[in-house]
Amino acid sequence: MLKKLDRIIDSFSMYRLLIYYLAGLLGAAFVLAIFKDISYNPFSILVSSSILVGASYFINKILANFFDAPTGSDSAIITGLILALIISPTLGLYNVMFFISAAGLAMASKYILAVKKKHLFNPAAIAVVLTAFGPKQSASWWVGTGVLLPFVIIGGILLVRKIHRARMVIIYFIVTTISTIFFALISKVSVGTSIYDMIFSSSVFFLGFVMLTEPLTSPTTQKKQSIYAAIVGFLLPPQVHFLNWYTSPEISLVIGNVYSFIVSPKVRILPTLIRKIRTTPDSADFIFEPDKDFNFLPGQYMEWTIPHLNTDSRGNRRYFTLASSPTETNIRIGVKFFNNGSSFKESMLALEGNSMVSAAHLAGDFVMPNNPREKLAFIAGGIGITPYRSMIKYLLDKNQRRDVVLLYSSKHVDDLAYKSIFDKAKKELGIRVFYFLTGRNLKLDQDNFVEGRITPDRIKEHIPDFMERTFYISGTDSMVIDTKENLIKLGIPKNQIKNDYFSGYS
Ligand SMILES: Cc1cc2nc3c(=O)[nH]c(=O)nc-3n(C[C@H](O)[C@H](O)[C@H](O)COP(=O)(O)OP(=O)(O)OC[C@H]3O[C@@H](n4cnc5c(N)ncnc54)[C@H](O)[C@@H]3O)c2cc1C
């Protein structure tokens with residue numbers, strides 16, 4: 001059941017899923033307004049949403065042109081939809097001007113309140129913070145009403161499941177609840193009423209599911225994400241104030257964004273394609289020259305944008321692991337292709353030498369531990385091999401010995417990417433490498449070829465000291481989930497298992 005659900009949500013990009021979720025919330029609000037379950041006019045909801053989305057879209061296009069920035073329209077549409085759900089849908093000349101200024105400020109913030117081409121603040125949140133100071137009009141967070149709550153929660157859970165950020169959102173909810181109780185006690189108001197208001201008539205859920213999780217303005221590693229979630233959650237209750245200055249949901253988030261900005265890598269690069277190499281029958285490496293030097297750890301990934309015409313429902317951005325090692329001059333990504341693939345992949349295949357794309361949001365905890373003596377086991381399925389290419393190439397280039405076992409599963413020998421690097425690491429660094437081949441008519445002519453899948457018995461057989469190792473799993477969502485279950489069945493504690501979900505392959 002859950003796998004079926006994952007397959008459905010995986011057929012959309014994160015941005016598209018969010019667009020459908022937000023549009024669905026507005027649709028639900030429209031219907032509830034017809035039945036007078038929401039105190040706004042359904043026509044006003046329709047008009048205000050159209051103005052906010054339209055203004056965000058066009059202002060973003062103009063600014064992207066002006067600043068010569070590659071950008072997609074999905075993020076502008078998302079910001080417009082968020083604004084439509086947090087600014088009261090009341091019509092009137094003054095309100096329409098307010099809508100347009102909020103959309104304008106949100107879009108401008110992405111280009112102006114940015115350092116090294118990376119924006120600092122959640123665009124919708126900073127827009128309503130600024131309008132509160134300027135025209136003294138701000139967000140009402142009308143989406144935070146009891147009748148919309150089930151829709152907010154169901155869509156929010158799907159979104160968080162897709163982007164694997166449940167931990168961060170749970171911490172935020174826990175801290176918000178503790179903070180609400182704490183401030184209710186010190187301001188001597190009823191704890192029960194405060195909790196009730198927090199749940200049924202506040203922005204808590206919408207902010208947590210939709211805005212807190214925005215990848216570009218939240219930290220990139222789990223520990224920092226937890227601190228960020230705790231900061232925002234702590235500041236959220238309406239009683240929180242500094243002298244006479246009270247926080248609001250948007251101010252809490254913007255303060256969290258400042259923390260995130262301070263602790264996150266600020267890399268945004270415009271790399272130029274220099275070469276494409278076919279690595280297996282259905283995957284290729286793209287080698288780029290970065291426009292500037294930047295530091296990363298082997299195993300990390302970036303978000304890549306390729307603007308293209310006729311973008312399909314999956315949008316124009318994707319995460320790709322940096323398959324190159326930081327010791328290499330150029331950066332490399334390894335990408336899998338399908339017949340009838342996405343418009344993104346088609347335009348990627350059509351990239352010519354000297355094409356420029358953009359990559360930002362360097363992130364990821366899927367990196368080797370600081371302690372070089374820690375015993376490791378790397379498990380890869382198909383294209384999930386890319387982070388290990390980065391790590392093992394790094395170890396080779398640095399001549400660094402670590403106790404590593406690599407189990408790499410593919411259909412046939414031809415489907416094994418980077419085999420020469422792993423074979424070299426086996427010879428020069430003593431890394432133990434086993435290739436698991438699941439196809440038919442196999443020729444098992446190498447001592448480390450194993451026929452079949454990576455099962456618990458095979459893990460025991462090839463990694464006898466498995467209980468002493470930290471396991472890394474990288475591949476499609478289903479491969480990671482199945483392998484993790486197998487490791488847990490073997491008795492390996494969860495904190496000895498790290499995973500990298502290559503979400504997007506259904
Ligand atoms: C942290 C992270 C790191 C990643 N690293 C890598 C990496 O190093 N290499 C890599 O290749 N991928 C990586 N991915 C996955 C990558 O981001 C894409 O999600 C994945 O490549 C799928 O790309 P695509 O959406 O363009 O679909 P495609 O690859 O074109 O297709 C994938 C599947 O979706 C179907 N499909 C395609 N288009 C549509 C459509 N419009 N509607 C419905 N179904 C469709 C296809 O038939 C196919 O079954 C990573 C993902 C994450 C989250």
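Residues numbered from 1 in each chain as written. Predicted model: local features only at pLDDT ≥ 70, side-chain atom pairs only at ≥ 80, totals over all residues.

*Asks:* Where do I start with the overall build of the chain in this structure?
*Replies:* Looking only at helices and strands, the chain has 17 helices and 17 strands in total. Relative to the 2.2 N^0.38 estimate, which gives 23 Å for 506 residues, the radius of gyration of the chain is 24 Å and therefore close to what a compact globule would have. Expressed as lengths along the three principal axes of its C-alpha atoms, the size of the chain is roughly 75 × 50 × 40 Å. Going through the 506 residues of the chain one by one, you find that 46% of them count as buried. Restricting the contact set of the chain to residue pairs at least 6 apart, pairs at least 24 apart contribute 74%. (Helix = DSSP H or I, 4+ residues; strand = E, 2+ residues; numbered from the N terminus. Rg over C-alpha atoms; globule rule 2.2 N^0.38 Å. Buried ≥ 20, exposed ≤ 12 C-beta atoms within 10 Å, placed from the backbone. Contact = placed C-beta atoms within 7 Å.)

*Asks:* How do you make sense of the sheet that holds strand β6 (residues 272-280) when you look at a structure like this?
*Replies:* Sheets are built from strands paired through backbone hydrogen bonds, the pairs being either parallel or antiparallel. Strand order in the open sheet formed by three strands is β6-β7-β10, with antiparallel pairing between adjacent strands. Edge positions in the sheet fall to β6 and β10 (331-336), since each of these pairs with one other strand and no more. Each neighbouring strand pair of the sheet contributes to a mean axis angle of 25 degrees, computed without reference to strand direction. Two elements, β6 and strand β7 (residues 283-289), share seven bridges in a ladder whose sense is antiparallel. (Pairing = 2+ DSSP bridges. Axes fitted to C-alpha atoms, helices over the stretch in contact; angles between N-to-C directions.)

*Asks:* When you look at unusual backbone geometry in this model, what are you seeing that I'm missing?
*Replies:* With the exception of glycine, the majority of residues adopt a negative phi angle, and the majority of peptide bonds are in the trans configuration. Residues other than glycine seldom take positive phi values, yet Asn 340 does so here, at roughly 55 degrees. Note on Asn 340: 6 C-beta atoms within 10 Å, which makes it exposed. Phi is positive for Asn 399, close to 50 degrees, though the residue is something other than glycine. Positionally, Asn 399 belongs in the loop between α14 (386-398) and β13 (404-410).

*Asks:* Sorry if this is basic, but what is going on with the domain arrangement of the chain here?
*Replies:* Quoted interface sizes are often the accessible area lost when the parts come together. Segmentation of the chain into domains returns domain 1 (11-263), domain 2 (268-363) and domain 3 (376-501). The C-alpha-based centres of domain 1 and domain 3 are spaced at 41 Å. (Domains from an automatic or database assignment.)

*Asks:* Would you mind showing me how to read the sheet that holds strand β5 (residues 268-269) here?
*Replies:* With respect to topology, four strands assemble into an open sheet ordered β5-β11-β8-β9, the strand pairing being antiparallel. Each having just a single partner strand, β5 and β9 (317-321) make up the two edges of the open sheet. As defined by bridge partners, β5 adjoins strand β11 (residues 358-363) across two bridges and the pair is classed as antiparallel. Directly across from Arg 268, in β11, lies its bridge partner Ala 360.

*Asks:* Before we go on, may I ask you to explain the environment of Phe 320 in this structure?
*Replies:* Following the sequence through the fold, Phe 320 ends up in strand β9. Along the sequence, Phe 320 and Thr 386 sit 66 residues apart, while their C-alpha atoms lie 8.9 Å from each other. Excluding anything up to four places from it in sequence, Phe 320 contacts Tyr 301, Met 302, Trp 304, Ile 333 and Val 335.

*Asks:* Looking at this model, I keep getting lost on the nonpolar core. Mind explaining?
*Replies:* For soluble globular proteins, the rule of thumb is that nonpolar side chains tend to be buried together. Grouped together as the largest cluster of nonpolar side chains are 75 residues, with contacts concentrated most on Leu 22, Leu 81, Ile 82, Leu 83, Leu 85 and Ile 86. If we skip the residues at most four places from it in the chain, Ile 86 touches Ala 124, Val 128, Ala 139, Trp 141 and Val 143. Residues Tyr 418, Leu 437, Tyr 472 and Leu 487 belong to the second largest nonpolar core, which totals 42 residues. (Core = buried A, V, L, I, M, F, W, Y, C linked by C-beta atoms within 7 Å.)

*Asks:* What is the right way to read the environment of Ile 331 from this model?
*Replies:* For Ile 331, the position within the fold is in strand β10. Every residue in contact with Ile 331, bar those within four places of it in the chain, is listed here: Pro 271, Phe 288, Pro 290, Leu 322 and Ser 324.

*Asks:* What's the story with the pairing of strand β16 (residues 470-475) in this structure? I'm lost.
*Replies:* Each regular strand displays side chains that alternate between the two surfaces of the sheet. Buried residues dominate β16, accounting for five of its six residues. Looking at chain direction, strand β12 (residues 376-381) and β16 are connected through five bridges and run parallel. For Leu 376, the partnering residue across the bridge sits in β16 and is Thr 470. As judged from the five bridges shared by β16 and strand β17 (residues 497-501), these two strands associate in the parallel manner. Bridging from a neighbouring strand, Ser 474 pairs with Asp 500 of β17. Taken together, β16, helix α17 (residues 477-489) and β17 constitute a β-α-β crossover, and its handedness is right-handed. (Right-handed = clockwise from strand over helix to strand, strands pointing away.)

*Asks:* In this structure, what is going on with the packing of helix α2 (residues 14-34) against helix α3 (residues 42-66)? I would like to understand it.
*Replies:* When two helices pack together, their arrangement is given by the angle between their axes and by how far apart the axes lie. Running from N to C, α2 and α3 cross one another at 155 degrees; their axes reach a closest spacing of 8 Å. Here α3 runs roughly antiparallel to α2, going by the angle between their axes. Residue-level contacts link Leu 26, Ala 29, Phe 30, Ala 33 and Ile 34 of α2 to Pro 42, Ile 45, Leu 46 and Ser 49 of α3. Looking at the contact of α2 with α3 residue by residue, the classes come out as eight nonpolar, one polar and no charged. (Parallel < 35°, antiparallel > 145°, perpendicular 65-115°, else oblique. Nonpolar A, V, L, I, M, F, W, Y, C, P; charged D, E, K, R; others polar.)

*Asks:* How should I be thinking about the packing of helix α8 (residues 166-186) against helix α10 (residues 204-211) in this particular structure?
*Replies:* At a closest axis distance of 10 Å, the pairing of α8 and α10 adopts a crossing angle of 155 degrees. The pairing of α8 with α10 is recorded here as roughly antiparallel in orientation. The interaxial crossing formed by α8 with α10 has right-handed handedness. Within the contact between the two elements, α8 uses Val 169, Tyr 172, Phe 173 and Thr 176 and α10 uses Val 204, Gly 208 and Phe 209. For the contact of α8 with α10, a count of residues per class yields five nonpolar, two polar and no charged. (Left-handed = near helix turned anticlockwise from the far one by under 90°.)

*Asks:* Help me understand helix α6 (residues 123-133), please; the structure alone is not making it clear to me.
*Replies:* Side chains that are three or four residues apart share a direction in an α-helix, a result of its 3.6 residues per turn. Counting buried residues along α6, nine of its 11 residues qualify, which places the element largely inside the surrounding structure. Within α6, the full set of buried residues consists of Pro 123, Ala 124, Ala 125, Ile 126, Ala 127, Val 128, Val 129, Leu 130 and Thr 131. At its buried positions, α6 is contacted by α4 (74-86), α5 (93-112), β2 (118-119), α10 and α12 (249-263).

*Asks:* I tried to follow the environment of Arg 453 on my own but got confused; where do I start?
*Replies:* Within the secondary structure, Arg 453 sits in the loop between β15 (449-451) and α16 (456-462). Taking the C-alpha atoms as reference points, Arg 453 and Ala 69, separated by 384 residues in sequence, lie 45 Å from one another. Residue contacts for Arg 453: discarding those within four places in its chain leaves Ser 409, Phe 436 and Thr 438.

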